Amino acid sequence: MERTRWIFAGQLGEQFDDGGRMLLVEAKSVLARAPIHRAKAHLILSAMRHRAAELGDRVEYHRVEKYGDVVAGRDDLEVIDPTSYGARAYVRRIGASILPSRGFVSSEGEFAAWAANRGGKRILLEDFYREVRVRTGVLMDGEGPAGGQWNYDHDNRQSPPKGAVSLGLPDPWWPEEDEIDAEVRRDLDRWQADGDIHLVGDDGPRRFAATGAEAELALRDFVESRLNDFGPFEDATLTGDWTMAHSLLSAPMNLGLIDPRHVIDTVEAEYRAGRAPIASVEGIIRQIAGWRDYVWHLYWHLGEDYSTSNNALAATTPLPREFLELDGEAIEARCLSHSIGGVREHGWAHHIQRLMVIGNWALQRGYDPKQLNDWFVGMFVDGTPWVMPANVIGMSQHADGGIVATKPYAAGGAYIKKMSDYCGGCRFKPTVRLGPDACPFTAGYWAFLDRVEPKLRGNHRMAQPLAGLRRLADREAVVLQEAERQGF
Ligand SMILES: Cc1cc2nc3c(=O)[nH]c(=O)nc-3n(C[C@H](O)[C@H](O)[C@H](O)COP(=O)(O)OP(=O)(O)OC[C@H]3O[C@@H](n4cnc5c(N)ncnc54)[C@H](O)[C@@H]3O)c2cc1C
Ligand code: SF4
């Protein structure tokens, strides 16, 4: 029997197509499960409909309420193993034939073999990443790393240029919307008006690639105009530059539109041709062959209940309205206001805004990690169930007690001041922790340490910050001030 390959929203590129009959199902119930950023809903539908147009009469395309309306009772379906526990259980329930997953640098088997050979040692990103480099030959000169070093973090992560409000790079490539996008917009408006879905965030021009060809243009543009600055300013933030030198490729990679290995080979070729510095090239390859793959494999390795059963710091505060409605304007802290406002506008923020502003704030304020995880999935164009647990539950919120990161990513205003131009125009002062000018990140940092001290006492990486807390003369007053803080 000829099989029909049912492809999902994370499998929309050529790498998921072996030439036979295809099935795409646009189920409205998937968008209706939880509040979703308008830009994300738009991007997913646009990418699916563009893919259907490309496949022409090789694809069956259905617009229905739920998957079962199309796939129930069919015995001709095959799938490439999908990217969430829920979807994997579903395709097994309906008896689809299952092929190994694709779309990552290392296969699930390769990761499992590496993890099994650790002899009880921790599963560390750095060790995994180096093994990938050796196994694939990416950025290797013989048996050693190209350039002589495995890690260029020391050269990267500079503060932003003094006095600048932007990096001054050319505007990134943006897609041109077409009739498919216009139709998606009309459908979303109608479903929202009918109360079928709950959209959050601004409607704006589509900013992320929705086809393989567009993803290739986005990659070329990144390589030509931003790759060289990627490394040095990887962790910097400027109010007048929402993209900085980032690649904007997470959404097309997570949609399956572009193969991460192709992105890696393209940037490595720039280094080999002498057009890009090793620090930037290693920096981005580390993000893709290292971090992206690592969080994907950890999603399966850590198990389905990892994101629901971990709350090591006993964080139970519900997310505030400002987060749920992406109301950056209601927030006074300039760094947080700008980051949440950016998410409202684009459904995207760069890594340091996600980790050191939004995530840091949530950690300090004790937001419920599971609710935060789901909020990130819904509000970010690149949000997927697999990418979030290691990033949010693990790295950002330390809710797993130290499986993914050895210490919480908590920082006060001094760090934000060093890495951004936020503090100059803020009504708070990053150096002040008590009184009306007290920076809520600086004071919040101490109040956080005060709250979690009993839980982190045994963590030797926290010894210094906790010693600082014990020396704090106004500790009680700062803790009380933050407990009573109304606005932020
Ligand atoms: C709290 C939090 C939430 C995040 N949510 C997401 C998410 O929903 N989807 C997502 O793809 N990434 C997420 N990340 C990782 C990272 O922030 C984004 O991949 C990146 O900001 C996307 O922008 P970019 O494509 O311009 O990335 P660049 O800075 O250009 O980096 C290149 C690529 O590296 C990969 N990458 C880098 N770091 C990570 C990481 N920690 N996890 C996974 N991939 C990584 C991405 O594919 C990215 O496209 C999150 C990180 C944190 C701390
Ligand atoms: S002073 Fe504090 S709240 Fe204001 S921008 Fe700086 S870190 Fe953020």
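About the cut-offs
- Residues numbered from 1 in each chain as written.
- Chains lettered and ligands numbered in written order.
- Predicted model: local features only at pLDDT ≥ 70, side-chain atom pairs only at ≥ 80, totals over all residues.
- Heavy atoms only, no water.
- 1 Å grid on protein atoms, 1.4 Å probe; cavity = no way out; pocket = protein on both sides within 12 Å on 5 of 7 lines; lining within 4 Å.
- Points joined across faces, edges and corners; volume = space filled by probe spheres on them.
- Nonpolar A, V, L, I, M, F, W, Y, C, P; charged D, E, K, R; others polar.
- Domains from an automatic or database assignment.
- Contact = heavy atoms within 4.5 Å.
- Buried area = accessible area lost by both parts, 1.4 Å probe.
- Salt bridge = Lys/Arg side-chain N within 4 Å of Asp/Glu carboxyl O.
- Polar contact = N/O pair within 3.5 Å; in protein donor to acceptor, adjacent residues only side chain to side chain.
- Helix = DSSP H or I, 4+ residues; strand = E, 2+ residues; numbered from the N terminus.
- Axes fitted to C-alpha atoms, helices over the stretch in contact; angles between N-to-C directions.
- Parallel < 35°, antiparallel > 145°, perpendicular 65-115°, else oblique.
- Left-handed = near helix turned anticlockwise from the far one by under 90°.
- Buried < 20%, exposed > 50% of the residue type's maximum accessible area, 1.4 Å probe, protein only.

1. With respect to empty space enclosed by the protein
Here is step 1 of the chain: Across all of its chains, the model carries five cavities of 30 Å³ or more by this definition.
Here is step 2 of the chain: Roughly 90 Å³ of internal volume is contained in the largest cavity.
Here is step 3 of the chain: Arg-334, Cys-335, Cys-423, Cys-426 and Cys-439 are, among the 14 residues lining the largest cavity, the residues nearest its centre.
Here is step 4 of the chain: Here the lining of the largest cavity is composed, by residue class, of 11 nonpolar, one polar and two charged.
Here is step 5 of the chain: Approximately 80 Å³ is the volume attributed to the second largest cavity.
Here is step 6 of the chain: Looking at the second largest cavity, it is lined by 15 residues, and the ones nearest its centre are Gly-10, Phe-104, Met-253, Asn-254 and Arg-292.
Here is step 7 of the chain: Looking at side-chain class alone, the lining of the second largest cavity contains six nonpolar, seven polar and two charged residues.

2. Section: the domain arrangement of the protein chain
Here is step 1 of the chain: Taken domain by domain, the protein chain consists of domain 1 (4–99), domain 2 (108–175 + 210–301) and domain 3 (306–484).
Here is step 2 of the chain: Tallying the contact residues gives 27 residues for domain 2 and 27 residues for domain 3.
Here is step 3 of the chain: Taken together, both faces of the contact between domain 2 and domain 3 bury some 2,300 Å²; the carbon and sulfur share is 63%.
Here is step 4 of the chain: Per-residue buried area on domain 2 facing domain 3 is highest for Thr-237, Thr-239 and Trp-242; these three make up 28% of the total on that side.
Here is step 5 of the chain: Applying the counting criterion to the domain 2 and domain 3 interface returns zero salt bridges.
Here is step 6 of the chain: At the junction of domain 2 with domain 3, the criterion picks out nine residue pairs in polar contact (both at pLDDT 80 or more).
Here is step 7 of the chain: Looking at the side of domain 2 that touches domain 3, the element that brings in the most residues is helix α12 (residues 278–301), giving seven residues.
Here is step 8 of the chain: The residue makeup of the side of domain 2 that touches domain 3, split by class, is 15 nonpolar, eight polar and four charged.

3. Some details on the packing of helix α2 (residues 38–55) against helix α7 (residues 179–193)
What describes two packed helices is the angle between their axes and the distance between those same axes.
Here is step 1 of the chain: The geometry of α2 relative to α7 is characterised by a closest axis approach of 9 Å and an angle of 135 degrees between their N-to-C directions. Classified by the angle between their axes, α2 and α7 sit oblique to one another. The handedness of the crossing between α2 and α7 is right-handed. The residues of α7 that touch α2, namely those facing Arg-38, Ala-41, His-42, Leu-45, Ser-46, Arg-49, His-50 and Ala-53, are Ile-180, Asp-181, Glu-183, Val-184, Arg-185, Asp-187, Leu-188, Asp-189 and Trp-191.
Here is step 2 of the chain: Looking at side-chain class alone, the contact of α2 with α7 contains seven nonpolar, three polar and seven charged residues.

4. Re the pattern of salt bridges
Here is step 1 of the chain: For the structure on display, the rule yields 56 salt bridges.
Here is step 2 of the chain: In this structure, the salt-bridge partner of Arg-5 is Glu-78, at a minimum N-O distance of 2.9 Å. In this pair, Arg-5 sits in strand β1 (residues 4–6) while Glu-78 sits in strand β5 (residues 77–80), placing the two residues 73 residues apart along the sequence. Glu-78 matches Arg-5 in its accessibility class, with the two residues each being buried.
Here is step 3 of the chain: A salt bridge links Arg-286 to Glu-282; the shortest N-O distance between them is 3.1 Å. Residue Arg-286 and its partner Glu-282 are both found in helix α12; the two are separated by four residues, about one turn of the helix.
Here is step 4 of the chain: A residue is classified by how much of its surface remains accessible, and Arg-286, at 3% relative accessible area, is buried.

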